[in-house]
Structure formats: C-alpha cells, structure tokens
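A look at the structure
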Amino acid sequence: MVDADLERVARDQADDDLKVRRRRTGRAVAGVAGGIADHLGIGVLWTRMAFALLAAFGGAGVLAYGLLWVFVPQARNEPKPVEVTVKEKQQARGLLAMGIGLAVGVGALSGMLNGWVAGGIAVTLVGAALVWREADEQQRRRWTKSGVVGAVVGSGGRSALVRVLTGGMLVVTGIVVFLARSVNLDQMQFALAAVLAALVGVAVLTVPFWLRLVRDLGEERTQRIRTEERAEIAAHLHDSVLQTLALIQKQSEAPREVLRLARGQERQLRSWLYGPSGYGRGRPVEGAQAGGAGGTPEATSLSEAIERACGEVEDQFAVKVQHVVVGDCQLDERLTGLVYAAREAAVNAAKHAGVGEVSVYAEVEPETVEIFVRDRGKGFDPDTVPADRHGLADSIRGRMERNGGELRLRTAPGEGTEVQLRMPRVSVGS
Amino acid sequence: MAEKPVRVFLVDDHGLFRAGVRAELDSITDEVEVVGEAGTVGEAVAGIAHKKPDVVLLDVHMPDGGGAEVLRRSRPDNPEVVFLALSVSDAAEDVIAVIRAGARGYVTKTISSHELVRAVVRVSEGDAVFSPRLAGFVLDAFADRPGAAPISDPELDLLTPRERDVLRLLARGYAYKEIAAELFISVKTVETHVSSVLRKTQLSNRYELSRWASDRRLV
C-alpha cells in the first residue's frame with residue numbers, strides 16, 4: 001500500500017507539472033497569479049501586475065481572477081514552499097489594492113457604475129474572497145491531516161470561524177447596499193429582490209463547498225476504479241500463478257511435471273497479458289475470459305485454434321511446441337479438420353520422436369492453408385511402420401483426404417520428421 | 001576456440017535474471033565472456049559507452065523506455081556495438097519495435113543456454129538472428145494483402161521470392177544449414193538473405209511495420 005501511495009503522489013506530482021495549479025504557499029489572495037507564473041515560467045510580479053492592470057478595464061482582471069480561482073484547483077503537493085520576502089509581500093498587497101482600486105475607480109469614473117453600486121459589489125467581492133480563501137485553507141489542512149472533513153468551516157478553530165463569518169457579513173452587506181442604492185422598488189418587487197439577493201448570497205458563499213463535492217466525487221470514483229483493478233489483478237495472479245507455484249513446489253521431485261506446469265502457466269499468463277483479448281491490450285470484451293483460465297470460448301480463427309491445439313499438446317506430453325502462424329482466417333469445417341490433423345501430427349512427434357521440441361508452422365495463402373509439423377527427432381522409415389499402427393495413416397491422412405486436403409511426409413531414420421499438410425480454402429466471397 | 005571470446009554486456013532490470021544468464025554463460029562456454037551488466041537505461045548507456053562490448057544482450061521491457069531507448073541513446077556513439085534483444089514477450093509490436101530501433105536479432109528468454117551462446121556469437125559475426133516467430137512476423141508484415149497500401153519503394157518494401165523462401169523455412173524451425181540444403185544454396189547465401197531481410201525490416205515504410213513499432217511509441 002505504501003508503494004501505491006507513493007506512486008499516487010508521484011502521479012499527482014506529474015499531473016501538477018503539466019496543468020496549471022494554484023499555489024499553496026506564497027500567495028497573496030488565492031495563489032492564482034503565482035500558479036500561472038509557475039506554469040509560464042515567469043516572475044509572479046508580472047502576472048500580478050497584469051491582473052491589476054486588467055482590473056481597470058471594467059473589472060476584467062477581477063473577474064478573470066475570480067473565475068480562475070473557482071476553476072483551477074489548488075496544487076496537491078508542492079515540492080518546496082515558495083519563499084516570500086517582505087518586499088514581495090508588500091508589492092503583492094500594493095498591487096492587490098491597486099487592482100481593486102482601479103476596478104472600482106475606473107468603473108465609477110466612466111459612469112458604468114455609480115459609486116454606491118460599485119461599493120456594494122466591491123464589499124461583496126471582498127467578503128466572497130475571505131470565505132473562499134478560508135475554504136482553500138481547509139482543503140489544505142484536510143490533505144495534510146487526512147480524516148478531517150469540513151465543508152466551509154472545518155478544523156480551523158475560532159479564527160477561521162471569525163474569518164468566514166466576516167466574509168459572510170461582508171457579502172450580505174454588499175448585496176444589501178447594492179440593492180438599497182441602485183433600485184427603487186415597491187414592496188412586492190422588493191420582497192422578490194430580497195429573496196433573490198439571499199439566494200445569490202448563499203450561492204456565492206457555498207461555491208467552495210459545491211466545488212469540493214464535485215471534485216471529491218470524481219476522486220473517489222478514480223480511486224474505486226483503481227482499487228477494483230488491483231483486486232482483479234491480485235485475484236488473477238492468485239488463481240493462476242500462485243496455485244501453479246504451489247503445485248511446482250509439491251512436484252519438485254518430478255522435473256518433467258514441473259516443466260509441464262511451468263509451461264502451461266507461462267502460456268496462460270502470456271495470453272492473459274498479451275493475447276488478442278488480453279489484459280495488456282486494454283479491456284477484454286465482457287464475458288470473454290482471457291486466456292486458458294478454463295471455460296474459454298470456442299476458437300473462431302485459425303491462429304487461435306492452432307495456438308490452443310499446440311497448448312494442449314504441450315500440456316499433455318511435456319514438450320515445447322513452438323508455433324508460428326502467418327496470416328489468419330476464419331475457421332470452417334475443413335480448416336478445423338486441418339487443425340485436428342496437425343494436432344495429431346504434433347502428438348505423434350511428441351510421443352515418438354524423443355525430443356523436447358516440436359515446431360508447428362502455419363501459413364494462410366489466398367487459395368490454401370499449409371501447416372508444417374516438424375521435429376528433429378528419430379525419424380522413421382514409413383515402409384516399416386507395422387500395419388496395426390494406424391495413427392498417421394488413419395487419423396491424419398484420412399482426415400486430410402476426407403476434407404479434400406493432402407499430406408506429404410518427409411522422414412528418414414535419424415533425420416527427424418516433417419509432416420506437411422495442405423488444405424484448399426473454400427473460395428471466399430463467392 | 002582459439003579466438004578471443006565475445007564480450008557481452010547484459011541489460012535487464014531483473015537482477016535475478018541477469019545473475020542467471022551470467023552464470024549460465026560463464027559455465028557452459030569460453031566463447032562468450034560477460035564484461036558488465038546494467039539494470040536501468042541510464043546505467044546501460046553509461047556502461048556500454050565505457051566497456052565497449054561486442055554484443056549487448058538487451059531486455060525489451062524496462063522502466064524509462066526499455067530496450068528501444070537504450071538503442072536510441074547508445075547506437076549513435078557506439079556504432080560498432082551489436083545489440084541482441086532478449087525478452088519474455090514475443091508480441092509483434094515488441095519484436096518489431098526493437099528490431100527497427102536497430103537490434104540485430106531477437107530471442108525469447110526461454111531460449112536454451114546453448115542456443116543463446118550460438119545467437120550471441122552469430123550476431124557478433126555480423127549475422128542477424130531471427131527466431132521462428134520473428135520470421136513469421138516479418139513474413140506477415142511483407143505479405144501481399146488485397147487493399148494494402150501501395151508500395152512506395154520496391155527495393156525496401158518487397159521481399160524477393162528467395163528471401164521469402166528462406167524466411168518460411170526459418171519460421172518452420174529450420175537451421176541455416178538445413179535451409180541451405182533445402183534450397184540448394186550455401187550457408188553464406190542464407191546469411192546474406194537473412195541480413196537483407198533484416199535491413200528491409202529496419203528501413204521499410206510498410207504500414208504493418210510502422211504500426212507495430214508505433215504501438216510501442218517508436219517510429
């Protein structure tokens with residue numbers, strides 16, 4: 001689990017490097033300017049100045065800052081806290097005051113807002129900023145000390161409560177001032193406006209809460225998916241690899257059996273990892289249990305059928321069956337016969353050749369499918385095979401000829417054996 | 001063998017596996033000598049530059065980019081060093097990716113020690129080492145499929161009939177000597193054909209090859 005946590009931290013870190021994240025330390029208001037400066041690789045003074053100057057244009061800087069505050073998450077972990085000198089702090093505060101002053105002043109001068117409306121909005125904004133900032137603080141504490149759940153007011157103690165309340169009061173005052181001075185209303189309309197204003201106030205104050213709710217939900221979901229994934233891998237390894245290792249320990253007296261087990265397990269794991277519907281290829285199709293973990297569906301393509309046949313021979317006779325398939329096609333009745341014939345040939349090689357390895361090579365051509373089954377073993381003289389040994393004659397040659405294919409045999413004592421099988425394909429697309 | 005042993009450098013992120021290969025190679029033959037090993041891409045690049053081995057046995061899957069990354073960073077400075085990829089995976093994209101990154105051969109980790117020694121000696125002499133499965137992949141990649149992309153460079157994008165024959169026999173599990181006998185050519189000629197196929201596999205722009213390579217983020 002420690003590994004997993006470390007890995008998560010590393011991943012979050014990498015994530016933070018790529019995306020804009022608000023600074024957690026060394027911030028004047030919410031770390032937005034700092035975060036952008038870090039992201040762009042410039043001095044924080046420049047971004048702060050940009051925001052302050054933009055504030056003069058109808059408050060665009062303030063609006064942009066607010067939106068970024070809402071939508072850019074805080075950095076999760078900072079490698080090292082940002083050091084702030086006194087001078088920098090003063091500069092930041094100066095720019096902050098200048099920004100707000102510019103927004104309000106220019107707005108008032110240009111007549112877009114009359115003084116009282118501007119004042120109301122400014123007070124509201126300052127109040128909202130106080131509350132949001134406190135929420136950021138809470139979130140940071142929660143990350144440092146896990147287990148503390150606080151929505152807006154959490155474990156911050158009395159000062160936090162005071163700050164939040166002050167913020168709330170400021171927001172309410174701002175809205176009231178705004179209402180009282182800018183609108184002349186009769187009673188009915190006033191009631192409506194008051195309700196509306198209350199709703200706006202609540203919305204502004206609870207923004208951090210909603211944001212956190214959404215983010216936590218997303219985070220929980222990814223966490224759950226990861227956990228499930230881990231459980232699935234663990235279950236698979238337990239069912240397959242651990243069981244086989246246990247078997248191998250028990251069978252350690254019988255090298256042949258150990259070899260058989262190891263090979264079978266290797267093949268299964270390999271197909272689980274790299275197979276067409278395997279783990280490493282993205283999600284397997286629902287229901288199609290990957291690999292030979294039992295209950296595999298019927299093979300539908302030639303390459304799958306050959307792979308499975310070779311696997312069976314490996315399992316039964318404890319030899320290595322190296323198979324190579326070039327091209328692929330759908331399996332039909334004839335080709336199924338061909339695969340059975342090839343399997344039989346491999347079984348013969350495994351039983352009689354006296355070597356540990358059999359090669360199976362299949363090539364799909366437009367007109368025909370050819371399979372070569374080869375071993376470097378004893379070989380034999382076809383003429384001297386006793387008449388009562390029907391393996392090759394019946395099950396291979398017979399099967400091939402029934403399906404319209406042919407068989408050639410190349411062997412001599414001491415030279416190994418190669419069975420060459422050729423089956424015409426049913427013309428495609430006719 | 002009166003000749004100097006082939007100096008081999010092992011790159012694999014599994015220490016246990018390195019130790020196993022080293023022990024096997026040291027015990028069964030004097031033909032090869034393990035001169036160094038590395039467990040990470042960085043160590044490997046530094047080690048290869050320092051030791052100047054004849055052959056690097058290279059694991060395909062490693063953190064930080066794997067064998068392909070080692071090839072990319074080491075080959076420009078050490079053109080005389082030969083790389084032989086060694087991996088548990090025989091998936092097409094792995095095999096083709098390291099071959100295209102410049103490895104002169106590919107064998108799987110289940111190969112027997114004697115075969116491994118033979119493969120090392122062969123690549124050190126300038127040959128290519130194609131496992132039957134690699135031969136199968138290459139045949140597959142160069143197959144003429146209906147609807148395939150047009151051939152832009154016949155010199156690189158097509159195999160000659162003879163090369164095809166050689167590959168087919170390789171895929172069937174034939175040794176060079178057996179291929180030579182089967183096709184009535186000399187072993188030297190078989191080697192020439194295989195090297196030429198290797199070159200085409202590395203340089204061709206055929207869609208299948210670049211697709212397999214790009215599956216491992218390598219073009």
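Where an unreviewed UniProt entry is consulted, chain B appears under the name DNA-binding NarL/FixJ family response regulator, with the organism given as Actinophytocola algeriensis.

1. Details of empty space enclosed by the protein
All names here are of chain A. In the structure shown here, the tally under the stated rule is five cavities of 30 Å³ or more. Considering only enclosed or pocket space, the largest cavity measures out at about 130 Å³ in volume. Forming the boundary of the largest cavity are twelve residues, of which Arg22, Asp136, Pro208, Leu211 and Arg215 lie nearest the centre. Looking at the lining of the largest cavity, the elements with two or more residues in it are helix H4 (60–71), helix H6 (115–144) and helix H8 (187–250). Of the residues belonging to the lining of the largest cavity, the class tally is seven nonpolar, one polar and four charged. Reported here for the second largest cavity is a volume of approximately 70 Å³. Lining the second largest cavity are Ile306, Ala309, Cys310, Val313, Val321, Val339, Ala342, Arg343, Ala346, Val360 and Ile371. Mapped onto the lining of the second largest cavity, the elements with two or more residues apiece are helix H10 (302–317) and helix H11 (333–352). Here the residues of the lining of the second largest cavity are counted per class, giving ten nonpolar, no polar and one charged.

2. Here's the deal with the interface of chain B and chain A
In this complex, chain B contributes 19 residues to the contact, which on the side of chain A involves 20 residues. The junction of chain B with chain A conceals about 1,700 Å² of combined surface from both sides, 40% of it contributed by carbon and sulfur atoms. When the buried area of chain B at its contact with chain A is split by residue, Arg133, Arg168 and Arg172 of chain B rank highest and sum to 32% of it. With its nearest N and O atoms 2.8 Å apart, the salt bridge here joins arginine 410 of chain A to glutamate 182 of chain B. Counting the contacts that link chain B with chain A gives ten residue pairs in polar contact (both at pLDDT 80 or more). Taken together, the elements giving at least two residues each to the side of chain B that touches chain A come down to helix H6 (132–141), helix H8 (161–171) and helix H9 (176–183) of chain B. No other element matches H6 of chain B, which puts five residues into the side of chain B that touches chain A.

Quick notes on the rules
Counting restarts for each chain: residues are numbered from 1 in the order of the written sequence. Starting at A for chains and at 1 for ligands, labels are handed out in the order in which the entities are written. A pLDDT threshold of at least 70 governs which residues receive local features in this predicted model, and a stricter bar of 80 or more applies before side-chain atom pairs are shown or counted, although totals over entire chains, interfaces and linings include all residues. Think of the side-chain values as coming from all heavy atoms in the structure, minus any hydrogens and water. A pocket, in this scheme, is an open set of points on a 1 Å grid over the protein atoms alone with protein on both sides within 12 Å along at least 5 of 7 lines, while a cavity is a set where a 1.4 Å probe fits but cannot get out; residues line either one if an atom lies within 4 Å of a point. Grid points are joined across faces, edges and corners, and a volume is the space filled by probe spheres set on the points. Helix and strand assignments come from DSSP, with helices taken as H or I runs of at least 4 residues and strands as E runs of at least 2, each series counted from the N terminus. Charged residues are taken to be Asp, Glu, Lys and Arg, nonpolar residues to be Ala, Val, Leu, Ile, Met, Phe, Trp, Tyr, Cys and Pro, and polar residues to be all remaining types, Gly included. Any two residues whose heavy atoms approach within 4.5 Å at even a single point are treated as in contact. Buried area is calculated as the accessible area (1.4 Å probe) missing from two parts once they are joined, with the contributions of both summed. We define a salt bridge as a side-chain nitrogen of Lys or Arg found within 4 Å of a carboxyl oxygen belonging to Asp or Glu. Polar contact criterion, stated in full: a pair of N or O atoms within 3.5 Å, where within protein one must be able to donate a hydrogen and the other to accept it, and residues adjacent in sequence count only if both atoms are side-chain atoms.

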